[in-house]
Amino acid sequence: MKPADREEFFARLKAVMPEPKTELEYASPFELLVAVILSAQATDVGVNKATSRLFPAASTPRAILALGEEGLKDYIRTIGLFNAKARNIIETCRLLVERHGGEVPRDRAALEALPGVGRKTANVVLNTAFGEPTVAVDTHIFRVANRTGLAPGKTPLQVEQKLLRVVPAAYLKDAHHWLILHGRYTCKARKPACPECIVRDLCSFKSKTSV
Ligand code: SF4
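The shown structure was predicted, so the numbers you read here are calculated from the model rather than taken from an experiment.

What counts, and where the lines are drawn
Residues numbered from 1 in each chain as written. Predicted model: local features only at pLDDT ≥ 70, side-chain atom pairs only at ≥ 80, totals over all residues. Heavy atoms only, no water. Helix = DSSP H or I, 4+ residues; strand = E, 2+ residues; numbered from the N terminus. Rg over C-alpha atoms; globule rule 2.2 N^0.38 Å. Buried < 20%, exposed > 50% of the residue type's maximum accessible area, 1.4 Å probe, protein only. Contact = heavy atoms within 4.5 Å. Near = heavy atom within 4 Å. Nonpolar A, V, L, I, M, F, W, Y, C, P; charged D, E, K, R; others polar. Polar contact = N/O pair within 3.5 Å; in protein donor to acceptor, adjacent residues only side chain to side chain. Expected span 1.5 Å × (residues − 1). Salt bridge = Lys/Arg side-chain N within 4 Å of Asp/Glu carboxyl O.

K.L.:
Help me out: how do you make sense of the overall build of the protein in this one?
P.N.:
Helices and strands together make up the secondary structure of the protein, namely ten helices and zero strands. Written out in order from the N terminus, the α and β elements of the protein read α-α-α-α-α-α-α-α-α-α. For the protein, whose C-alpha radius of gyration is 18 Å, the value lies close to the compact-globule estimate of 17 Å for 211 residues. Dimensions of the protein along its principal axes, counting C-alpha atoms only, are 55 × 35 × 30 Å. Counting the 211 residues in the protein, one finds 48% classified as buried. Residue pairs in contact within the protein that sit at least 24 positions apart in sequence constitute 58% of those at least 6 positions apart.

See below:
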């Protein structure tokens, strides 16, 4: 995609979504971190349902440690992989208290050292909680970047690095949310809604749908 087309691509997404936000509900960097750990292979709706009960009861690392692993499971057992997630969250809480005074660190290496936190989760927290211009490449962003020709790559890391190079600076902070929402609701995996897509003329996908 040509630079002028990338500019136009994001200008149009911004016009319809001026302030894109994550659909996960949270009130602090710690709550966001827990929600993102819970969201692996789960829907945002399912995570929000669980955290709407969990966070009023425990919304800090110390409070979740006080619940204990079994206590935490009572709140999250509707979410897939809840046993492993409970174990990771408890261990993450312990490390946050021991190493970071109970705060979520604004630092990639420190975040990725937490159990259950990989590069994607660290990117979401750095971007969404702290406003850093990072892009967490999930399945939606990977698909949109490749289909459109915006930032083609064979792996999520390749796509992430390409996006960081080619997304116009003014759009980088919110690019993550625009691309996720575009992928989730328009450029869907099985049947992209090309006829109603606002970036159709800029997109180089060869199998655009016509109905
Ligand atoms: S035109 Fe189709 S393939 Fe291209 S971005 Fe839009 S929905 Fe996706």
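K.L.:
How do you make sense of the site of the ligand when you look at a structure like this?
P.N.:
All residues in the neighbourhood of the ligand are listed as Thr148, His182, Cys187, Pro192, Cys194, Cys197, Arg200, Cys203 and Phe205. Class assignment for the residues of the shell around the ligand results in six nonpolar, two polar and one charged.

K.L.:
Just checking my understanding: could you explain unusual backbone geometry for this structure?
P.N.:
With the exception of glycine, most residues fall at negative phi, and the peptide bonds are largely trans. In this model, Gln41 sits at a positive phi of 55°, which is unusual for a non-glycine residue. With respect to the helices, strands and loops of the structure, Gln41 is situated in the loop between α2 (29-38) and α3 (44-57). Under the relative-accessibility criterion, Gln41 is labelled exposed at 75%.

K.L.:
Explain helix α8 (residues 139-148) to me, please; I cannot follow it from the model alone.
P.N.:
Because an α-helix completes one turn every 3.6 residues, residues spaced three or four positions apart along the sequence face the same direction. The element α8 is extensively covered by neighbouring structure, given that seven of its ten residues are classed as buried. Residues of α8 that are buried: His140, Ile141, Arg143, Val144, Ala145, Arg147 and Thr148. Check the buried side of α8 and you find it contacts α1 (3-16), α9 (156-166) and α10 (169-185). One side-chain oxygen at the N-terminal end of α8 lies 3.1 Å from the backbone nitrogen of His140; it belongs to Asp138. With its phi angle positive at about 90°, Gly149 sits one or two positions after the end of α8.

K.L.:
How should I be thinking about α3 in this particular structure?
P.N.:
When the terminal C-alpha atoms of α3 are compared, their 20 Å separation across 14 residues agrees well with the 20 Å that a helix rising 1.5 Å per residue should span. Burial in α3 covers these residues: Asp44, Val47, Asn48, Ala50, Thr51, Leu54 and Phe55. As for α3, its buried residues are in contact with α2, α4 (61-76) and α10.

K.L.:
Would you mind going over the environment of Ala169 with me for this structure?
P.N.:
Along the chain, Ala169 falls in helix α10. Each C-alpha atom, one on Ala169 and one on Glu7, is 9.7 Å from the other, the two residues being 162 residues apart in sequence.

K.L.:
Looking at this structure, how should I read the environment of Cys187?
P.N.:
Along the chain, the position of Cys187 falls in the segment after α10. Sequence separation of Cys187 and Arg143 is 44 residues, and the distance between their C-alpha atoms is 8.2 Å. Setting aside anything within four residues of it in sequence, one finds Cys187 in contact with Arg143, Val144, Arg147, His182 and Pro192.

K.L.:
Mind showing me how you'd approach the side chain of Thr209 here?
P.N.:
Within the secondary structure layout, Thr209 lies in the segment after α10. From its side chain, Thr209 meets the backbone oxygen of Pro192 in a polar contact 2.6 Å long. At a separation of 3.2 Å, a polar atom in the side chain of Thr209 contacts the main-chain amide nitrogen of Cys194.

K.L.:
So what exactly am I meant to see when it comes to the pattern of salt bridges here?
P.N.:
If the charged atoms of two oppositely charged side chains come close together, the side chains can form a pair. Summed over all chains, the structure comprises 13 salt bridges. Residue Glu8 pairs with Arg12 through a salt bridge whose shortest N-O separation is 2.8 Å. Taken as a pair, Glu8 and Arg12 lie in helix α1 at a separation of four residues, close to a single helical turn. With a shortest N-O distance of 3.7 Å, Glu19 and Lys21 are connected by a salt bridge. It is possible to trace a salt-bridge network through shared partners that takes in Glu8, Arg12 and Asp201.

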